[in-house]
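Commentary on secondary and tertiary structure
Here are the chains, one letter per residue:
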Amino acid sequence: MADTAFAPRVFSGIKPSGGLTLGNYLGAIKRWVEMQEDPTYETIYCVVDMHAVTVWQDPADLRRATREVAASMIASGIDPERSILFNQARVPAHTELGWLFSCVARVGWMNRMTQFKDKAGKNAEKVSLGLYAYPALMAADILLYHATHVPVGEDQKQHVELTRDIAAKFNHDYGVDFFPITEPVTEGPAMRVMNLRDGSKKMSKSGESDMERINMLDDADTIAKKFKKAKTDPEPLSSDLAGLAGRPEARNLVDIYAGLADISAEAVMAEYGGSGWGVFKPALADLAVAKLAPVSDEMRRLLDAPEELDAIMARGAERADEIAQPILARTYDIMGFVR
Ligand code: TRP
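Quick look at the structure, then.

Quick notes on the rules
- Within each chain, residue numbers correspond to sequence positions counted from 1 in written order.
- Only residues with pLDDT of 70 or above have their local features reported here, since the model is predicted, and side-chain atom pairs are shown and tallied only from 80 upward, although totals for entire chains, interfaces and linings are computed over all residues.
- Heavy atoms throughout the structure, all of them, feed into the side-chain values; hydrogens and water do not.
- Helix axes use the C-alpha atoms of the stretch in contact, all axes being lines fitted to C-alpha atoms, and the angles between their N-to-C directions lie in the range 0 to 180 degrees.
- A run of H or I in DSSP counts as a helix once it spans at least four residues, and a run of E counts as a strand once it spans at least two, with each numbered from the N terminus.
- With respect to orientation, any angle under 35 degrees is reported as roughly parallel, any angle over 145 as roughly antiparallel, any angle of 65 to 115 as roughly perpendicular, and every other angle as oblique.
- In this scheme, a crossing is called left-handed if the near helix is turned counterclockwise away from the far one by less than a right angle; it is called right-handed if the turn is clockwise.
- In what follows, residue pairs with any heavy atoms lying within 4.5 Å of each other are defined as contacts.
- Amino acid classes used here: Ala, Val, Leu, Ile, Met, Phe, Trp, Tyr, Cys and Pro are nonpolar; Asp, Glu, Lys and Arg are charged; the rest, including Gly, are polar.
- Surface patches are defined over residues having more than 30% relative accessible area and no salt bridge, joining like charges when they lie within 9 Å and nonpolar side chains (Val, Leu, Ile, Met, Phe, Trp, Tyr) when within 5 Å.
- Only the protein chains shown count as covering a residue, and every accessible area follows the Shrake-Rupley method with a 1.4 Å probe.
- Salt bridges are defined as contacts in which a side-chain nitrogen from Lys or Arg sits within 4 Å of a carboxyl oxygen from Asp or Glu.
- Charge assignment in this entry is limited to Lys and Arg as positive and Asp and Glu as negative, and neither His nor the chain termini are counted.
- To locate a charge, take atom NZ for lysine, CZ for arginine, CG for aspartate or CD for glutamate.
- Exposure is judged per residue with a 1.4 Å probe applied to protein chains only, and the accessible area is read against the type maximum: over 50% gives exposed, under 20% gives buried, and values in between give partly exposed.
- Any two of the Phe, Tyr and Trp rings considered here, Trp counted by its six-membered ring, make a pair once their centres fall within 6.5 Å; the pair's planes then place it as stacked at under 30 degrees, edge-to-face at over 60, or tilted in between.
- Definition used in this section: a nonpolar core is a set of buried Ala, Val, Leu, Ile, Met, Phe, Trp, Tyr and Cys residues joined via side-chain atoms within 4.5 Å.
- For the domains described, the bounds stem from an automatic or database domain assignment.
- Each helix should span, by expectation, one fewer than its residue count multiplied by 1.5 Å.
- To obtain the bend at a residue, axes are fitted to the seven residues ending there and to the seven starting there, and the angle between these axes is taken.
- The nearness test applies per residue and asks whether one of its heavy atoms lies within 4 Å of the molecule or strand.
- Each polar contact in these results corresponds to two N or O atoms within 3.5 Å; when the atoms are within protein, one needs to be able to donate a hydrogen and the other to accept it, and residues that are neighboring in sequence are counted only if both atoms are side-chain atoms.

**Some details on the packing of helix H1 (residues 22–37) against helix H10 (residues 248–261)**
Contact pair H1 / H10: the axes reach a minimum separation of 11 Å and the direction vectors enclose 50°. Looking at the two axes, H1 sits oblique to H10. In this structure, H1 crosses over H10, and the sense of that crossing is left-handed. On H10, the residues that touch Leu22, Leu26 and Lys30 of H1 are Ile256, Gly259 and Leu260. The class makeup of the residues in the contact of H1 with H10 is 4 nonpolar, 1 polar and 1 charged.

**Focus on a positive patch on the surface**
Taken together, the side chains of Arg197, Lys225, Lys228 and Lys229 present a region of like positive charge at the surface. Its location among the elements puts Lys228 in helix H9 (residues 220–229). Given a relative accessible area of 67%, Lys228 falls into the exposed group.

**Details of the packing of aromatic side chains**
Evaluation of the coordinates by the stated rule reveals 13 aromatic pairs. Ring centres of Phe116 and Tyr132 lie 5.1 Å apart, and the angle between their planes is 70°; this geometry places the pair in the edge-to-face category. Of the two residues, Phe116 sits in helix H6 (residues 114–120) while Tyr132 sits in helix H7 (residues 129–143), which places them 16 residues apart along the sequence. Geometrically, the ring pair formed by Tyr272 and Phe280 is edge-to-face, given 5.2 Å between the ring centres and 75° between the ring planes.

**Focus on the pattern of salt bridges**
What the rule picks out here adds up to 21 salt bridges. In this structure, Asp79 engages Arg82 in a salt bridge whose closest nitrogen and oxygen atoms are separated by 3.4 Å. A relative accessible area of 24% means that Asp79 is categorised as partly exposed. Of the residues examined, Arg82 reaches a relative accessible area of 47% and is grouped as partly exposed. Between Arg301 and Glu308 there is a salt bridge whose closest N-O contact spans 3.8 Å. Through salt bridges that share partners, Asp210, Arg213, Asp218 and Lys226 make up one connected network.

**With respect to the nonpolar core**
Core analysis: the largest hydrophobic core is formed by 59 residues, its most contacted members being Leu22, Met73, Phe227, Val254, Ile256 and Phe280. In terms of domain composition, this core takes at least three residues from each of domain 1 (9–191) and domain 2 (210–301). Among the nonpolar cores identified, the runner-up in size contains 47 residues, and Leu100, Ile142, Leu143 and Ile166 belong to it.

**Describing helix H13 (residues 306–335)**
Each full turn of the α-helix corresponds to 3.6 residues, which orients residues three or four apart in the same direction. Given a rise of 1.5 Å per residue, 30 residues ought to cover 44 Å, and the 40 Å separating the end C-alpha atoms of H13 matches this to within 8%. The largest bend along H13 measures about 30° and falls at Ala324, with the proline Pro326 one to four residues further on. Where H13 terminates, the next one or two residues include Gly336, which has phi positive at roughly 95°.

**Considerations on the environment of Arg251**
Tracing the sequence through the fold places Arg251 in helix H10. Along the backbone, Arg251 and Met194 are 57 residues apart, and their C-alpha atoms lie at a distance of 9.5 Å. If near-sequence neighbours (up to four positions away) are discounted, Arg251 is found in contact with Leu241, Leu244 and Ala265.

**Examining the site of the ligand**
Lining the immediate environment of the ligand, one finds 13 residues, of which Phe11, Tyr134, Met138, Asp141 and Gln156 sit closest. A distance of 2.7 Å separates a nitrogen atom of the ligand from a polar atom in the side chain of Tyr134. Protein contacts shield 90% of the accessible area of the ligand, which totals 370 Å² for the unbound molecule. Broken down by element, the residue count for the shell around the ligand peaks at 4 residues, all from H7. Classifying every residue of the shell around the ligand by side-chain character gives 7 nonpolar, 4 polar and 2 charged.

Okay, structure coming up:
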């Protein structure tokens, strides 16, 4: 399939469920900014509120989190002039195409989604229908813009593969070459930030203890306290990276330092190898505070002016809709709808 015929366009999204963490910053937004700076791509970034409500969201929390995610993107360097930045609910074409794709995707494909199985667990009868259909909506998010590249974490790769399957089936069933076969982008500067209390779990905005994550809006004292209390083992840092094998908590702190300082983990070890935690943790806390303070200051400024923020998202939604409408109209037409 001639995916090269499609102009390089990036789409990605973050759910507004809870506040943003250092994990979102180092794991996603940093790379989004980098792709925005690369003239090869047109970049579209979305606060995916429609995905958030697949599990219960208190209305006030959803409203606040939607603005907070948008503010953190802007504060971290997403420029709403150069990128298109908006929230999903403002562009109803997402849900329209999502429905059409739920008629393309097969139940057997959905049943293989590991994230659904993990999230539903033993409760599969009680979760929302939306949670099950979520990957079809995600495919719509991406293909509504004919996006060719989707920066995501490893945990979302299977959903991008499903997006490719939906595009291929649609193209095949209707005998067209209409939707691109999108590439997941998982390499590059982004990293997987782990939970500060359990190095085998991802740092998550919805995990039960606040001590396990650094929130973008944490103040300096809180950041210092969380790193101080972060779980480690009694051993000091090894002299080199290889010595951190099998020590996930220690490795995570080194990786966080590297991500914040924009240097390699090897370079961190060259400086701190052999140090005790009493030396390394305060250095890490200082670095985190120095890097995050300007971002959280700007976030607070934006959150104090929600009208400005909402206007930015409304403008982004208009630009998104301009791209989406012709693609949606053509999809309806290909499928034979009379409109
Ligand atoms: N499912 C993604 C997550 O949980 C969020 C998301 C929704 C997304 N739509 C998307 C990511 C489209 C990339 C592209 O992280």
